[in-house]
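Structure at a glance
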Amino acid sequence: MSNADWLTRTQAALWHPCTQMKHLERMPPLPIARGEGPWLVDFDGRRYLDCISSWWVNLFGHANPRINAAITDQLGRIEHAMLAGCTHAPVVALSERLGKLAGLGHVFYGSDGASAIEIALKMSFHFWRNVGQTGKTGFVSLRDGYHGETLGALSVTDVALFKDTYAPLLHPSHQVMSPDWRRAEPEESAEAYALRAAASLEDFLAECADTTAAVILEPLVQGAAGMAMYHPIYLACAREMCDRYRVHLIADEIAVGFGRSGTMFACEQAEITPDFLCLSKGITGGYLPLSCVLTSDTVYQAFYDDATARGFLHSHSYTGNALACRAALAVLDIFDTDDVLAANRLKAARFTELLAPVAAHPRVRNFRHTGMIWAFDVDHAPPGFSRDFHQRALERGLFLRPIGGAVYFMPPYVIEEPEMALMARVTLELLDQS
Ligand SMILES: *Cc1c(COP(=O)(O)O)cnc(C)c1O
């Protein structure tokens, strides 16, 4: 079967995510036959560098031998057992390790990022109810924040394109100023701007803490906003205010967790621990859907009771799937044995160097970098820029998907010098050409 055969069949049988299907007439999906490290290979044998880690999930490349071996071993033991009424070795071991890494000792599992957000929102609300604060039902999030697309997660998301159509179905939430430093005044530092944004969060909490269950935010990088980045002092301020106003802090590290921000978890850069930490995406190295919410003893104890209804009666069928947990354990093993965070620091420094001509390009604005994420805005990006850039990058062997006028790189951690050089060189050519 060739690429063309698969395209005909996918158009007839599938409904693709985040896609106006009619647009596929002009911009067909890439039929992937197999993967190899940071490369995707189509049915005609053409190779594409996966510059965005298959929507931010892949950490150690496609068909990684170590993750493959772990999953294969687990397949011969138990693929899945329901987690209500059963437990198993991979889920216990993973919970212990995640708890230690995050400093939050109780792990509740979901399947996708959005399901983790639903869990955190419900748990926060239910905590306040269990301690007698039934008025705390509201949530506050950052402007341009993204937390997923199920109704609860979409309620705290602030991306008009995804949200407006469904507004009548959503629970109202409040948005406060984002610390995104691109919006700072010309003479204002990222830190000063973050402090100004924190002051606006404080204004909100001073007025509404009694009716607010939690602040939810994406630590350091607002991914779907076009990789908007901000100073860690904002997180320190948010933590302090949440304590002072008795409001939970939910850290959505679904995109930035597992080393993406440069540290294992982005919250570490502000030396804070949230009340709820939501993880997914990289958790299985991009192999299998898995998410979790980690929380504190304080939260856990408020549910621990003889009364069933005081418990957290939430579930998903595939909660704590054994294959997914084994993949996640293999990922944590790779972090340890390969000292990935240190290796990434060297790779990041090198890629930033290679991108210097891109950063200096006259069409490039707000070049930015956090950990293993790089982004810039293209000046006066015309309508259709994103689609066009994607298409022209594909022709040159790069799989990239700009968000509006923001081009970003979020490569798998197995990226090496030649691939980094390719990304930088092709990007420069594309900027010169259109
Ligand atoms: C992707 C993402 C989600 C949603 O995760 P899904 O697995 O797509 O449901 C939530 N929050 C952030 C920050 C994300 O990047």
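Residues numbered from 1 in each chain as written. Predicted model: local features only at pLDDT ≥ 70, side-chain atom pairs only at ≥ 80, totals over all residues. Heavy atoms only, no water.

Details of the site of the ligand
Around the ligand, a shell composed of W56, D112, G113, A114, Y146, H147, G148, E218, D252, I254, A255 and K281 is seen. Taking A114, its main chain carries an N or O atom lying 2.8 Å from an oxygen atom of the ligand. Side-chain polar atom of D252 to a nitrogen atom of the ligand: 2.6 Å apart, as the coordinates give it. If the ligand stood free it would expose 380 Å²; the protein chains cover 83% of that surface. Taken together, the residues of the shell around the ligand break down into five nonpolar, three polar and four charged. (Near = heavy atom within 4 Å. Polar contact = N/O pair within 3.5 Å; in protein donor to acceptor, adjacent residues only side chain to side chain. Areas by Shrake-Rupley, 256 points an atom, 1.4 Å probe, with all protein chains shown as cover. Nonpolar A, V, L, I, M, F, W, Y, C, P; charged D, E, K, R; others polar.)

Topic: the pattern of salt bridges
Enumeration according to the criterion identifies 25 salt bridges in this entry. Measuring nitrogen to oxygen at the nearest pair gives 2.6 Å for the salt bridge that ties R183 to D144. Remark: D144 occurs in the loop between β5 (138-142) and α6 (151-155) and R183 occurs in the loop between β6 (174-176) and α8 (190-208); sequence separation between them is 39 residues. For R239, the salt bridge identified is with D275, shortest N-O distance 2.9 Å. With R239 in helix α9 (residues 233-245) and D275 in the loop between β10 (248-252) and β11 (276-279), this residue pair connects regions lying 36 residues apart in the sequence. One exposure class covers both R239 and D275, and it is buried. Taken together, the shared-partner salt bridges in this structure form one network comprising D180, R182, R368 and D377. (Salt bridge = Lys/Arg side-chain N within 4 Å of Asp/Glu carboxyl O. Helix = DSSP H or I, 4+ residues; strand = E, 2+ residues; numbered from the N terminus. Buried < 20%, exposed > 50% of the residue type's maximum accessible area, 1.4 Å probe, protein only.)

Points about the packing of helix α14 (residues 385-395) against helix α15 (residues 417-433)
Between α14 and α15, the shortest axis-to-axis distance is 10 Å and the interhelical angle comes to 130 degrees. Here α14 lies oblique to α15, going by the angle between them. Here α14 and α15 pass one another in a crossing that is right-handed. Listed contacts from α15 to F389, R392 and A393 of α14 are T427, L430 and Q433. When grouped by side-chain class, the residues that make up the contact of α14 with α15 number three nonpolar, two polar and one charged. (Axes fitted to C-alpha atoms, helices over the stretch in contact; angles between N-to-C directions. Parallel < 35°, antiparallel > 145°, perpendicular 65-115°, else oblique. Left-handed = near helix turned anticlockwise from the far one by under 90°. Contact = heavy atoms within 4.5 Å.)

Some remarks on the sheet that holds strand β2 (residues 39-42)
Neighbouring strands of a sheet are bound in pairs by backbone hydrogen bonds; such pairs are parallel or else antiparallel. An order of β1-β2-β3-β15 is seen for the four strands of this open sheet, with the pairing classed as mixed. The strands lining the two open edges of the sheet, one partner per strand, are β1 (32-36) and β15 (398-399). Bridge count for β1 against β2 is four bridges, and the pairing is antiparallel. Across the sheet, residue R34 finds its bridge partner in β2, namely V41. (Pairing = 2+ DSSP bridges.)

Focus: helix α11 (residues 322-337)
Two residues of an α-helix separated by three or four positions point the same way, owing to the 3.6 residues in each turn. In this model α11 runs 22 Å from its N-terminal to its C-terminal C-alpha over 16 residues, within 8% of the 22 Å that 1.5 Å per residue would give. Across the 16 residues of α11, 13 count as buried, placing the element largely inside the fold. Residue N321 occupies the N-cap position of α11, its side-chain oxygen lying 3.1 Å from the main-chain nitrogen of L323. Following α11 by one or two positions, D339 has its phi on the positive side, about 45 degrees. (Expected span 1.5 Å × (residues − 1).)

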